[in-house]
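Residue-level structure breakdown
Residue-level listing of the chains:
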Amino acid sequence: MNEILWYVSRATGTVSMVLLTVVLVLGMVMSGRRRPAALSSAVITGLHRSLALGLVAFLGAHVATAIAETYVDIDWIAAIVPFTSGYEPLFVGLGTIAVDLIVALVVTSLLRHRLPERAWRTVHLAAYALWPIALAHGWFLGTADQPLLRGVTVLCGAAGVAAIVWRLSATPAQTRLPRQIAREEWT
């Protein structure tokens, strides 16, 4: 049974990383910069939210199975408080930070209409830190002896970096109209 939990933990961690990367890419696409004309804003937003919900479910399974299996020493406290794990405290701690950031993103997204727009955006910018932290966690803990998992991590890294570069390379003229539309969605 313990071996099954170990594999489920690695599988759900890998799926979580893929979903996080896709959610990041969709976030870049809908963040008010150079949206592809063929894609509806509502479709992108719905997909972003739905996949983020799936990410939370897989991440919950990843954390639960990592704690439940006894091959390594990770307890519930280590899932909440970074760098307290008995197993690889640095890299498990990075995963804990990523989980804590996801919790902050989920909570503020659920409360989005009750928060000032600037507060929600500030917390949502944490995704820029969340994604590379989660990527490092997966690289150092989950892929060391598995070429397929390492390849998935490399592809997630390449896709995420490409999306971030694409978003940040937009000119001010490309950002005015989408930001105006985003402000109208708030009202």
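Provided above is the structure to which this section pertains.
Residues numbered from 1 in each chain as written. Predicted model: local features only at pLDDT ≥ 70, side-chain atom pairs only at ≥ 80, totals over all residues. Heavy atoms only, no water.

1. Re the overall build of the protein chain
- The helix and strand tally for the protein chain stands at eight helices and zero strands.
- If you list the helices and strands of the protein chain from N to C, you get α-α-α-α-α-α-α-α.
- Across the 187 residues of the protein chain, 39% fall into the buried class.
- Within the protein chain, contacts between residues at least 6 apart in sequence are counted, and of these 66% link residues at least 24 apart.
- Approximately 10600 Å² of the protein chain is accessible, and the part contributed by carbon and sulfur atoms is 71%. (Helix = DSSP H or I, 4+ residues; strand = E, 2+ residues; numbered from the N terminus. Buried < 20%, exposed > 50% of the residue type's maximum accessible area, 1.4 Å probe, protein only. Contact = heavy atoms within 4.5 Å. Areas by Shrake-Rupley, 256 points an atom, 1.4 Å probe, with all protein chains shown as cover.)

2. Here's the deal with unusual backbone geometry
- Phi at F83 is positive, roughly 65°, even though this residue is not glycine.
- Relative to the assigned elements, F83 resides in the loop between α3 (76-80) and α4 (89-110).
- Positive phi, close to 40°, is recorded for E88, a residue that is not glycine.
- For E88, the position within the fold is in the loop between α3 and α4.

3. Details of the packing of helix α1 (residues 2-30) against helix α7 (residues 147-168)
- Packing of α1 against α7 leaves a shortest axis separation of 9 Å and a crossing angle of 15°. Considered as vectors, α1 and α7 are oriented roughly parallel to each other. Between α1 and α7 lies a crossing of left-handed hand. For the pair α1 and α7, contact is made by R10, T14, M17, V18, T21, L24, V25, M28 and V29 and by L149, V152, C156, A159, G160, A163, I164, W166 and R167, respectively.
- Residue composition of the contact of α1 with α7, grouped by class: 13 nonpolar, three polar and two charged. (Axes fitted to C-alpha atoms, helices over the stretch in contact; angles between N-to-C directions. Parallel < 35°, antiparallel > 145°, perpendicular 65-115°, else oblique. Left-handed = near helix turned anticlockwise from the far one by under 90°. Nonpolar A, V, L, I, M, F, W, Y, C, P; charged D, E, K, R; others polar.)

4. Some words on the nonpolar core
- Formed by 30 residues in total, the largest nonpolar core has its most connected members in M17, L20, I74, L130 and W131.
- Elements represented by at least two residues in this core include exactly α1, α2 (41-68), α3, α4, α6 (127-142) and α7.
- With seven residues, α4 is the largest single contributor of residues to this core.
- Not counting residues within four places of it along the chain, the set of residues in contact with L130 comprises L20, A98, L101, I102 and L105. (Core = buried A, V, L, I, M, F, W, Y, C linked by side-chain atoms within 4.5 Å.)

5. Quick look at α7
- Taking 1.5 Å of rise per residue, the 22 residues of α7 would be expected to cover 32 Å, and the 31 Å separating its terminal C-alpha atoms lies within 8% of that figure.
- For α7, the full list of buried residues reads L149, T153, C156, G157, G160, A163, I164 and R167. Buried residues of α7 fall within an arc of 140° about the axis and therefore sit on the same side. Exposed and oriented more than 90 degrees from the buried face of α7 are P147, L148, L155 and V165.
- Buried residues belonging to α7 abut α1 and α6. (Expected span 1.5 Å × (residues − 1). Arc of directions from axis to C-beta.)

6. Overview of the side chain of H62
- With respect to the element layout, H62 can be found in helix α2.
- Accessibility expressed as a relative area gives 15% for H62, which makes it buried.
- Excluding anything up to four places from it in sequence, H62 contacts S9, T12, G13 and H137.

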